[in-house]
Amino acid sequence: MKHPENDSQYTGLTVNSGVAQPPVVNPYLNRRPKRKQLPSTPELVEGILRGDVTMLSRAVTLVESLSDSHQAIAQEVIEKCLPHSGNSRRIGITGVPGAGKSTSIDVFGLHVLRQGGKLAVLAIDPSSERTKGSILGDKTRMEKLAVHPDAFIRPSPSAGSLGGVARKTRETIVLCEAAGYNNIFVETVGVGQSETAVHSMVDFFLLIQLAGTGDELQGIKRGIMEMADGIVINKADGDNIDRARLAQAQFRSALHLFPPTTSGWKPEVLTYSGYYELGIPEIWEMIDRYFEYVKSNGYFEQKRQQQARYWMYETIDSRLRSHFYRNPKIEGMLAEAEQKVLANQLSSFIAARNVLDSYFNDINPEKR
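These figures come from a predicted structure and were not determined experimentally. (Residues numbered from 1 in each chain as written. Predicted model: local features only at pLDDT ≥ 70, side-chain atom pairs only at ≥ 80, totals over all residues. Heavy atoms only, no water.)

J.: Where do I start with the overall build of the chain in this structure?
T.: In terms of regular secondary structure, the chain is built from 13 helices and seven strands. Within the chain, the fraction of its 368 residues that count as buried is 41%. Of all intrachain contacts in the chain linking residues separated by at least 6 positions in sequence, the fraction that spans at least 24 positions is 73%. Just so you have it, the chain exposes about 21600 Å², and 53% of that area is on carbon and sulfur atoms. (Helix = DSSP H or I, 4+ residues; strand = E, 2+ residues; numbered from the N terminus. Buried < 20%, exposed > 50% of the residue type's maximum accessible area, 1.4 Å probe, protein only. Contact = heavy atoms within 4.5 Å. Areas by Shrake-Rupley, 256 points an atom, 1.4 Å probe, with all protein chains shown as cover.)

And the structure:
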């Protein structure tokens, strides 16, 4: 702006032009670093096989993605990594909320790493039924493992999966094994639901319990106890030692009522303290005895084959559901049928039958 006060006729008076106003938009806005391009399948596979944690993490992200293009890449990576997998101990860890699963995994993991090898922890975090979101905070409770160079911790949302196990955990195990992790921990949500999903992807199923919380057997579903290869009672320290030993005796008595396991292994019940790191070597001696036993009688390979077959059919079921609900015609029919059901014009069963009949007729026109 021109100031007339600066004219020569006004001596002794000078008005500065002022400071230019900064722009409204941040000048650095366009200087953001561009997102790294997605690595190719050969790059991902090569990185995983050499133990690159970044490549492994990106591959797991693709596995968990709902994008069709990401899923295509992920399946190709898994297929190429499959020949390099299967060489780990897969251990599922479950228990009631508050039993100290994450703290125990931190202690168990350090004990395993001291013996050599690498450890991958697949921690399953419960998803909100309303927002579908997860905190993914299990890693913060594994303070020592989180900074260990030979440990890989991957929290994943349960996303409504059976037993709190993420839908793609099975594929993630394959990737971790190909990356050289010879010990795999799978931590479940532990909400008392059916734990069939985690049992069908691990070699050893460990159930963590607490003592002194009331009737120790009341909160345990028989199905979980029958699947458990070992039961460990946490917080057996201080004034709680006697209660832990009493609970140990009760669990041992209860296990005698169950039929023999398919493997022939007799589940053991031990006590320990995750906080004070007491009794940890004894638990791992039990797990070592289990693997020695099932490998000697051939059950180890038999169970792995059963699990592979189980997940083949689970994948078929998942793909069929996806194909059904993504069918444009079915989407319209479902909306119409839902309105009729809510208006009491049609029963739920007849509505479902009509939609399914239409779907089957479309994929099987010869049977019309």
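J.: Mind showing me how you'd approach helix 9 (residues 241-255) here?
T.: Since there are 3.6 residues in each turn of an α-helix, residues three or four apart along the chain are aligned in direction. Taking 1.5 Å per residue, 15 residues should reach 21 Å; helix 9 reaches 21 Å between its end C-alpha atoms and fits that length. If you check which residues of helix 9 are buried, you get Ala244, Ala247, Gln248, Phe251, Ala254 and Leu255. One side of helix 9 holds all its buried residues, which, seen down the axis, span an arc of 130°. For helix 9, exposure combined with an orientation more than 90 degrees from the buried face picks out Asp242, Arg245 and Leu246. (Expected span 1.5 Å × (residues − 1). Arc of directions from axis to C-beta.)

J.: I keep staring at unusual backbone geometry and nothing clicks. Help me out?
T.: The general pattern is negative phi for most residues beyond glycine and trans for most peptide bonds. In this structure, glutamate 277 takes a positive phi of about 55° despite not being glycine. As for its position among the elements, glutamate 277 is in the loop between strand 7 (268-271) and helix 10 (280-296). For glutamate 277, a relative accessible area of 34% gives the class partly exposed. At asparagine 344, a position not held by glycine, the phi torsion is positive, near 60°. With respect to the helices, strands and loops of the structure, asparagine 344 is situated in the loop between helix 12 (328-342) and helix 13 (348-363).

J.: So what exactly am I meant to see when it comes to the pattern of salt bridges here?
T.: Think of it this way: side chains of opposite charge can pair up when their charged atoms draw near. Enumeration over the complete set of coordinates arrives at eleven salt bridges. Here arginine 50 ties to glutamate 46 by a salt bridge, and the two come within 3.9 Å at their closest N and O atoms. Close ionic contact of aspartate 52 with arginine 50 constitutes a salt bridge, the shortest N to O distance being 3.3 Å. On the basis of relative accessibility, which here comes to 52%, the residue arginine 50 falls in the exposed class. A network of salt bridges, in which partner residues are shared, links Glu46, Arg50 and Asp52. (Salt bridge = Lys/Arg side-chain N within 4 Å of Asp/Glu carboxyl O.)

J.: Sorry if this is basic, but what is going on with the pairing of strand 1 (residues 89-95) here?
T.: Regular strands place side chains that alternate from one sheet face to the opposite one. The buried fraction of strand 1 is high, at six of seven residues. Pairing of strand 1 with strand 4 (residues 183-187) involves five bridges; the strand directions are parallel. Bridging from a neighbouring strand, isoleucine 93 pairs with glutamate 187 of strand 4. In this sheet, strand 5 (residues 204-210) lies alongside strand 1 in parallel orientation, the contact comprising five bridges. From the neighbouring strand, glycine 95 faces strand 5, where its bridge partner is isoleucine 208. (Pairing = 2+ DSSP bridges.)

J.: Whenever I open this one, the packing of aromatic side chains confuses me. Can you help?
T.: For any pair of aromatic rings, geometry is given as the distance between the ring centres together with the angle between the planes. Per the counting criterion, the structure on display carries 14 aromatic pairs. When the ring centre of tyrosine 181 is taken as origin, the NZ or CZ atom of lysine 118, which lies over that ring, is 4.4 Å away. Note that lysine 295 overlies the ring of phenylalanine 300, its terminal NZ or CZ placed 5.0 Å from the centroid. (Phe/Tyr/Trp six-rings, centres within 6.5 Å; stacked < 30°, edge-to-face > 60°. Lys NZ or Arg CZ within 6 Å of the ring centre and 35° of its normal.)

J.: What's the story with the packing of helix 2 (residues 53-64) against helix 6 (residues 169-178) in this structure? I'm lost.
T.: Axes are the key here: two packed helices are described by the angle between their axes and the distance separating the axes. Close contact between helix 2 and helix 6 brings their axes to 10 Å; oriented N to C, the two are set at 160°. In terms of orientation, helix 2 lies roughly antiparallel with respect to helix 6. Between helix 2 and helix 6 lies a crossing whose hand is right-handed. Along the contact surface, helix 2 presents Leu56, Ala59, Val60 and Val63, while helix 6 presents Glu171, Thr172, Leu175 and Cys176. Of the residues assigned to the contact of helix 2 with helix 6, the class counts are six nonpolar, one polar and one charged. (Axes fitted to C-alpha atoms, helices over the stretch in contact; angles between N-to-C directions. Parallel < 35°, antiparallel > 145°, perpendicular 65-115°, else oblique. Left-handed = near helix turned anticlockwise from the far one by under 90°. Nonpolar A, V, L, I, M, F, W, Y, C, P; charged D, E, K, R; others polar.)

J.: I would appreciate a short explanation of the environment of leucine 49 in the present structure.
T.: Relative to the helices and strands, leucine 49 resides in helix 1 (residues 41-49). Put simply, leucine 49 and alanine 179 are 130 residues apart on the chain and 4.9 Å apart in space, counted from C-alpha to C-alpha. With residues near it in sequence (within four places) discarded, leucine 49 still touches His84 and Ala178.

J.: Could you clarify how one ought to interpret the side chain of glutamine 307 in this entry?
T.: Relative to the assigned elements, glutamine 307 resides in helix 11 (residues 299-325). A relative accessible area of 4% means that glutamine 307 is categorised as buried. A polar contact is formed between the side chain of glutamine 307 and the backbone oxygen of histidine 199, at a distance of 3.5 Å. When near neighbours in sequence (up to four residues on either side) are disregarded, glutamine 307 contacts Arg90, His199, Ser200, Met201 and Val202. (Polar contact = N/O pair within 3.5 Å; in protein donor to acceptor, adjacent residues only side chain to side chain.)

J.: Explain a nonpolar patch on the surface here, please?
T.: Judged by side-chain polarity, Met312, Tyr313, Ile316 and Leu320 come together as a nonpolar surface patch covering roughly 400 Å² of accessible area. Structurally, tyrosine 313 is set in helix 11. On the accessibility criterion, tyrosine 313 (47% relative accessible area) is partly exposed. (Patch = residues over 30% accessible without salt bridge, like charges linked within 9 Å, V, L, I, M, F, W, Y side chains within 5 Å.)

J.: Can you help me understand helix 6 in this one?
T.: Across the ten residues that make up helix 6, a large majority, ten, are buried. Thr169, Arg170, Glu171, Thr172, Ile173, Val174, Leu175, Cys176, Glu177 and Ala178 are the residues of helix 6 that are buried.

J.: How do you make sense of the environment of arginine 50 when you look at a structure like this?
T.: With respect to the helices, strands and loops of the structure, arginine 50 is situated in the loop between helix 1 and helix 2. Each C-alpha atom, one on arginine 50 and one on alanine 179, is 6.5 Å from the other, the two residues being 129 residues apart in sequence.

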